[in-house]
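A closer look at the structure
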2 protein chains.
Amino acid sequence: MISSMKVLSRALPLSTRGRPVSDYVRKIRTLDHWAQSDSSLSLEFQVGRFALMVDRRPLVALNNDKRLMNLRILEYAEMKRKLADYGLSVDMASSALLDAVENSTGDYTAVFGSSLRTAEMPDDSPISIDKLRSQLAATLGGSFVDLRRAMLTLESDRDRSLLAKMHSLTRWSRIYRRCPKCASALRMRASKTAAACMSCDRVYYPTYAPVAICVVSNRENTHALLIRHQGTVNTVYTAIAGFANMGESLEETVRREVAEEVGIECDSVEQLNMSQSWPIPQGSLMCAFRAVADSRQKIEMCADELDAARWFSREDVALAYENTIRDPQLIFAPRSDEVQQELKYIPPQGAIAHRIIKHWLDEKSS
Amino acid sequence: MISSMKVLSRALPLSTRGRPVSDYVRKIRTLDHWAQSDSSLSLEFQVGRFALMVDRRPLVALNNDKRLMNLRILEYAEMKRKLADYGLSVDMASSALLDAVENSTGDYTAVFGSSLRTAEMPDDSPISIDKLRSQLAATLGGSFVDLRRAMLTLESDRDRSLLAKMHSLTRWSRIYRRCPKCASALRMRASKTAAACMSCDRVYYPTYAPVAICVVSNRENTHALLIRHQGTVNTVYTAIAGFANMGESLEETVRREVAEEVGIECDSVEQLNMSQSWPIPQGSLMCAFRAVADSRQKIEMCADELDAARWFSREDVALAYENTIRDPQLIFAPRSDEVQQELKYIPPQGAIAHRIIKHWLDEKSS
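The structure presented is a predicted model; accordingly, all values stated were derived computationally and were not measured.

This paragraph deals with the nonpolar core. Among the nonpolar cores identified, the biggest contains 52 residues, and Val216(A), Val254(A), Val262(A), Val216(B), Val254(B) and Val262(B) are the most heavily contacted of them. Among residues more than four places away in sequence, those in contact with Val262(B) are Arg29(A), Leu225(B), Ile227(B), Ile240(B), Lys298(B), Ile299(B), Glu300(B), Met301(B), Leu306(B) and Ala309(B). Ranked by size, the runner-up nonpolar core spans 46 residues in total, among them Val60(A), Ala150(A), Ile280(A) and Ile346(A).

In structure tokens, the structure reads:
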């Protein structure tokens, strides 16, 4: 384990002599070096590549059939020039280290994520902030879209992971300015991977909160228990999820969350081989589970969190899955209050909930 | 998912009418209510039961054959009286909510964990602090032992989970006194499950860091790659582990940590159905994995972290496992520098590393 307390002072462990390690190992060790050495990373900034968020909205380009999207990645010089036309600029303080990509010389180029904010427009401005952002996006060859929408409909998992990292790290670095223990200033690492107190020397790391998410089926495995959160589209149901409490195993998290949210006791909790980073409401690590419950138990829903919790048949879930595949942006999801008990959609493919529901659909009934 | 931002204001979701929920659900909802209502929890304090740490050392009692131990759980009144004889006292500020146990009236009694510190003894005191703690422990019917030793040799997983929770939450609550964003005072919840800024209203939760821990085998599945950390006993080898970085899936954490620590590229990363809370260096959620690597790759060890990294045969690992079962406190583990390349022990049964190494031993070679 990389000792969490030693990391700031750790030197680059890469031996450059002897048999070369694999490209993957070389990349990982390069990233580790950059993450810890502010001076090395600063040399990469002006030759780096950039993902961009403006006002929490990532810059994306729609793919060919316009159903899914990709993160738009920019070169430093071009991005700088175009942002300057709009009075914006990127610097290391607003950027986090995201990745490394091999370049034509066989070396690595750093990928940064920069999160900028536009200034408020004066009331008598002839142009709206939305219009301004649209113009900027067009100049940069893309669009700024809602963060959640991007997470749900980015085409590749790599882009999703970069976006989760970009939003979570830049958000964390804006919050962690003072030592929670002694209130002295924190010195933030350029990569945004740690912050050290300038007075008491404590080191803080980005808070990555583990979450368990679970499809609960009945014993016969013919039905799944799905829920709808308050404030979500009326006919879109998803799996039960919740943050791990300190001291719990993830299996205990599943059992507790199911009890808290729907008043049901479940068992046979089984971890699936899937996890995913998610940036909303803040950096979370979603870990996928399956469980079983006796469906004769009465559902006692936590009414402060949920609008609905119901058992749905495999056939109903399969139809909702098909609808979601055809219409991943949920544009045609029925929204009226009359249909709110009906299941018509599940979350789009970018959500781990989609994958574990699909996983359940692929299981056989017992 | 319990929305992390709403939790402080959430009312008790428990419906007391209708068909009663199961005992487990009732317990979970009672705990949830206490976790969020300081006034309700304060009513439980003087009728609660208590686990105790003094100077970071938990109070335990050895079991009958003296090889394993149990947390000593105390009644409030007796504990208060005995602590007072030593000039110590417990209060809500030094205590965290750990659990609920059903009592004789069919209701629930809260279990707290209190973490106290003894004062420094004056230089000319006729009694040492160790002696004083021993006397106090004897009065309380147990011993104060090293935190890691207790985690490794507590008999039950429930005790281990309570101890991890007690140490992690009381430690966190001592650190989070000021808002990292605005430096105003934080109002800590009595349960120690959240702290809210009194000025900017941000809410902070105990930081529970996900860690991946992995046994890497060769393709033939005849050998496992085990490591020895700096500062640990010379002949005790363990599995590779490390904190998840923001944006990673746990599978990516495994691949990165193995590359960083030993310079090896692994694949076939598979999550095992095991996770465990661990309080050192701070609240961590250990998630178990298996992976495979080509053993012809050269090991390039991260010398700042590790003293050794080697492939060991199934037979050697089995012998080390047997030694550890016979001597779970590693009392007879060889410690001299001459034997430091030899594998004689693995971590004791309380560590998830022990369980995943045992899991590997139970697999068949391919």
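Here the narrative resumes.
Attention shifts here to the relation of the copies chain B and chain A. With an RMSD of 0.0 Å, the operation that places chain B on chain A is a rotation of 180° combined with a shift of 0.0 Å along the axis. Both chain copies can therefore be described as sitting about a two-fold axis. The fraction of interface residues of chain B whose copies in chain A are also interface residues reaches 99%, indicating that both copies meet through the same surface.

A word on the UniProt feature "domain: Nudix hydrolase" (unreviewed entry) in chain A. When the UniProt feature table is mapped onto this chain, "domain: Nudix hydrolase" (unreviewed entry) is found at residues 206–334 of chain A. Taken end to end, residues 206–334 of chain A is 20% helix and 40% strand, and its first and last C-alpha atoms sit 39 Å apart.

Contacts between the two partners involve 88 residues from chain B, matched on the other side by 87 residues from chain A. The junction of chain B with chain A conceals about 7100 Å² of combined surface from both sides, 55% of it contributed by carbon and sulfur atoms. On inspection of chain B and its partner chain A, the count reaches 2 salt bridges. Taking the shortest distance from any N to any O, the salt bridge between Arg29(B) and Glu300(A) comes out at 3.6 Å. Seen at the junction of chain B and chain A, the total is 32 residue pairs in polar contact (both at pLDDT 80 or more). When residues of the side of chain B that touches chain A are traced back to their parent elements, those giving at least two are helix H1 (23–36), helix H6 (157–175), strand S11 (209–218), strand S13 (240–243), helix H7 (250–262), strand S14 (266–278) and strand S15 (284–293) of chain B. Its residues placed into classes, the side of chain B that touches chain A shows 38 nonpolar, 22 polar and 28 charged.

The 3 strands lie next to each other as S8-S9-S10 (chain A), forming an open sheet whose pairing is antiparallel. Every other strand in the sheet has two partners, leaving strand S8 (186–188) and strand S10 (203–204) of chain A as the edge strands with one partner each.

Let us look at the packing of aromatic side chains. Evaluation of the coordinates by the stated rule reveals 18 aromatic pairs over all chains. Measuring from centroid to centroid gives 5.7 Å for Phe45(A) and Tyr76(A), while their planes differ by 65°, and the two rings are edge-to-face. Separated by 31 residues along the polypeptide, Phe45(A) in helix H2 (residues 38–45) and Tyr76(A) in helix H3 (residues 76–84) bring together distant segments of the chain. Comparing Phe45(A) with Tyr76(A) shows no difference in burial state: the two are buried. Taking 4.8 Å as the distance between ring centres and 75° as the angle between the ring planes, the aromatic pair formed by Tyr237(A) and Phe312(A) counts as edge-to-face. Residue Tyr237(A) is found in the loop between strand S12 (223–229) and strand S13 (240–243), and its partner Phe312(A) is found in strand S16 (residues 306–313); the two are separated by 75 residues along the sequence. There is no split in this pair, since Tyr237(A) and Phe312(A) are both buried. Joined through ring pairs, the aromatic side chains of Trp172(A), Tyr176(A), Tyr204(A), Trp172(B), Tyr176(B) and Tyr204(B) make up one cluster. The cationic tip of Arg314(B) hangs over the ring face of Trp360(B); the distance from NZ or CZ to the ring centre is 4.2 Å.

Parameters at a glance
Residues numbered from 1 in each chain as written. Chains lettered and ligands numbered in written order. Predicted model: local features only at pLDDT ≥ 70, side-chain atom pairs only at ≥ 80, totals over all residues. Heavy atoms only, no water. Core = buried A, V, L, I, M, F, W, Y, C linked by side-chain atoms within 4.5 Å. Buried < 20%, exposed > 50% of the residue type's maximum accessible area, 1.4 Å probe, protein only. Contact = heavy atoms within 4.5 Å. Least-squares fit on C-alpha atoms with pLDDT ≥ 70 in both. UniProt positions renumbered as here; feature names shortened; annotations may be inferred. Helix = DSSP H or I, 4+ residues; strand = E, 2+ residues; numbered from the N terminus. Buried area = accessible area lost by both parts, 1.4 Å probe. Salt bridge = Lys/Arg side-chain N within 4 Å of Asp/Glu carboxyl O. Polar contact = N/O pair within 3.5 Å; in protein donor to acceptor, adjacent residues only side chain to side chain. Nonpolar A, V, L, I, M, F, W, Y, C, P; charged D, E, K, R; others polar. Pairing = 2+ DSSP bridges. Phe/Tyr/Trp six-rings, centres within 6.5 Å; stacked < 30°, edge-to-face > 60°. Lys NZ or Arg CZ within 6 Å of the ring centre and 35° of its normal.

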